[in-house]
Amino acid sequence: MKTLEGTPSRRFAPIIGEIALRSRPFYARSRAILVTPRMDRGALGYRACLTSGPAGRFFHPDHLFGVDGLEQLGDGDIVRLDSAGKAHVLWETGSAHNALLVTEACNCSCLMCPQPPRAHDPALLCEARAVLDLLRGRSLTQLCLTGGEPTLLGEDFVALLRRCVREHPEARIDILTNGKAFADRRFAARVGEAATPNVLFCVSLHSEIDMLHDTLTGAPGSYIATQQGIYHLAEQGCRIEIRHVISRKNAQFLESFAEHLYNYFPFCAHYVFMGMELCGNAACNSTVVAVAPYEYQQQLRAAVLALARRGLPVSVYNIPLCLCAPEIRPFLRQSIASWKNIYLPQCDSCERKEACAGFFGTSASLPLDHIHPLKKEEVCFTPPNDSATDAEEPGGCP
Ligand code: SF4
Ligand code: SF4
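Residue positions are given per chain, counting from 1 as you read along its sequence in written order. Chains and ligands are labelled by the order in which they are written, letters from A for the one and numbers from 1 for the other. Whole-chain, interface and lining totals are the exception, using all residues; otherwise, since this is a predicted model, local features are given only for residues with pLDDT of at least 70 and side-chain atom pairs are given and counted only at 80 or more. The basis for every side-chain value is the complete set of non-hydrogen atoms in the structure, without hydrogens or water.

Draft legend 1. Seen up close, the pattern of salt bridges. Take a side-chain nitrogen of Lys or Arg and a carboxyl oxygen of Asp or Glu: if they are within 4 Å of each other, that pair is a salt bridge. Within the structure shown, the criterion is met by 27 salt bridges. Put simply, Lys-2 and Glu-92 hold a salt bridge, and the shortest N to O gap is 3.1 Å. On the criterion of sequence distance, the pair formed by Lys-2 in the segment before strand E1 (3-5) and Glu-92 in the loop between strand E8 (86-91) and strand E9 (100-101) is long-range, its members being 90 residues apart. For the pair shown, Lys-2 and Glu-92 are each scored as buried. Strands here mean DSSP runs of E at least two residues long; helices mean DSSP runs of H or I at least four residues long; both are numbered from the N terminus. Any residue under 20% of the maximum accessible area for its type is buried, any over 50% is exposed, and the rest in between are partly exposed; the area is computed with a 1.4 Å probe on protein chains only.

Draft legend 2. Structural detail: the nonpolar core. The set of buried Ala, Val, Leu, Ile, Met, Phe, Trp, Tyr and Cys residues whose side-chain atoms join them within 4.5 Å is what this entry labels a nonpolar core. Residues Leu-100, Leu-161, Phe-201, Ile-242, Phe-273 and Leu-300 are the most contacted members of the largest nonpolar core, which totals 79 residues. Counting the residues that make up this core, at least three belong to each of domain 1 (3-91) and domain 2 (100-378). Contacts of Ile-242, omitting those with residues within four sequence positions, involve Val-203, Leu-205, Ile-230, Phe-257, Leu-261, Phe-265, Cys-268, His-270, Tyr-271 and Val-272. By size, the runner-up hydrophobic cluster in this structure holds 16 residues, among which are Leu-64, Val-67, Leu-70 and Val-89. All domain edges in this entry derive from an automatic or database-based domain assignment. Contacts were defined at the residue level, with two residues in contact if any of their heavy atoms lie within 4.5 Å.

Draft legend 3. Spotlight on the environment of Thr-93. Among the secondary structure elements, Thr-93 is positioned in the loop between E8 and E9. Take Thr-93: its relative accessible area is 43%, and that puts it in the partly exposed class. Taking the C-alpha atoms as reference points, Thr-93 and Leu-140, 47 residues apart in sequence, are found 9.3 Å from one another. Sequence-distant contacts of Thr-93, defined by excluding residues within four places in its chain, comprise Asp-75, Gly-76, Asp-77 and Arg-138. Any pair of nitrogen or oxygen atoms within 3.5 Å is treated as a polar contact; in protein, a donor-acceptor pairing is required on top of that, and neighbouring residues in sequence qualify only through side-chain atoms on both sides. Within the structure, Thr-93 has its side chain in polar contact with the backbone oxygen of Gly-76 (distance 3.2 Å).

Draft legend 4. Representation of the pairing of strand E15 (residues 314-317) within the structure. Burial of E15 is two-sided: the residues Val-314 and Val-316 facing one way and the residues Ser-315 and Tyr-317 facing the other way are all buried. Paired strands are those between which DSSP finds at least two bridges. Relative to E15, strand E14 (residues 270-274) runs parallel, the two being bridged by 4 bridges. Directly across from Met-274, in E15, lies its bridge partner Tyr-317. Where E15 lies against strand E16 (residues 332-333), 2 bridges are found, and the strand directions are parallel.

Draft legend 5. Structural context of the packing of helix H4 (residues 210-217) against helix H5 (residues 222-235). Where H4 contacts H5, the two axes come as close as 8 Å, and the packing angle between them is 100 degrees. By the criterion of interaxial angle, the relationship of H4 to H5 is roughly perpendicular. Contacts between H4 and H5 involve Asp-210, His-213, Asp-214 and Thr-217 from the former and Ser-222, Tyr-223 and Thr-226 from the latter. For this classification, Asp, Glu, Lys and Arg are treated as charged, while Ala, Val, Leu, Ile, Met, Phe, Trp, Tyr, Cys and Pro are nonpolar and the rest, including Gly, are polar. Residues belonging to the contact of H4 with H5 are distributed by class as follows: 1 nonpolar, 4 polar and 2 charged. An axis is simply a line fitted to the C-alpha atoms; with a helix, the fit covers only the stretch in contact. Between two such axes, the angle follows the N-to-C directions and lies from 0 to 180 degrees. Angular relationships are summarised with four words: roughly parallel below 35 degrees, roughly antiparallel beyond 145, roughly perpendicular across 65 to 115, and oblique for the angles in between.

As structure tokens, this is what we get:
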């Protein structure tokens, strides 16, 4: 999450509001956070303010002063200010990677989780609702509910999904989930009732071998539950995406995993192979799970082509173009959220940089070997599949 820092004007409870880069009429200020070079009378009436200048006087709204990097904020971004002096960007206008983090709790403990689970904090759900309040009436193309495991909220999750669908009927709504909760057929039915064809359930499945999947998720029985969950969602007519995070433990089985998808889950809307973000649990367990894309280049090629040749919509997220076999480069997507997306100095001379996912700036180490600039003609692009999402999950469940 993009975060700016400054100094709080005083102690205050967290404030959520939408960024106003220009002055608004007085009646339209109460939900806005003004970004201003100096605190003066123009700051009156706003929910809060951010300034690169000095503190305002006592009658000004709560604010952070001396904030660096204000130029990174866009008009309409939704931000949470706290009295620790931080401004967290909860929603970036124009970004394709926005997500509402509704809980950090999870019923798995994956070896490669980029955001290790924590006890549920009800404030996150309140925050998600506050963001939705501010988004009401906007025309969105994309919305994502993530965790932790969002379905652990039970009926609160169903209500949140209903609200998203009702208030943003045009938006693609992605649910990032490990799918275990849908092993309960009644819960799957409740969620299925709430979902529309715009809702995509992005279910993580890390192996076709039950013991290996359970080892990776740190939760015995999770393979069976996730598999049942996928079938129960399909029974409800829900659209499903299967997400497979590639690690050292499963990289050698990519082709047989693809065969498994084709044989047992051919009804899904989309299939994704994902490079790993080496932070959180993944960084702690790097000796066990870290693997460079170059090491599984041929396995990934075989897996992607096995699905594509059978007409199944497949994509690859989070892997640089030059680390993949040329034949599968058309399936790669720019999938890393802009705030943590970085490139290397040698990328400056690459003629395909604009189409390359690049790297996670949050990773503890980067796969530096075999990176080489590409010529335009080295990648022949086809249009993305209709059902392809282009969003890597912002934290939590891949
Ligand atoms: S050299 Fe080009 S293809 Fe390779 S990582 Fe950099 S931008 Fe991507
Ligand atoms: S990766 Fe997803 S399923 Fe696994 S522990 Fe993290 S949030 Fe839970």
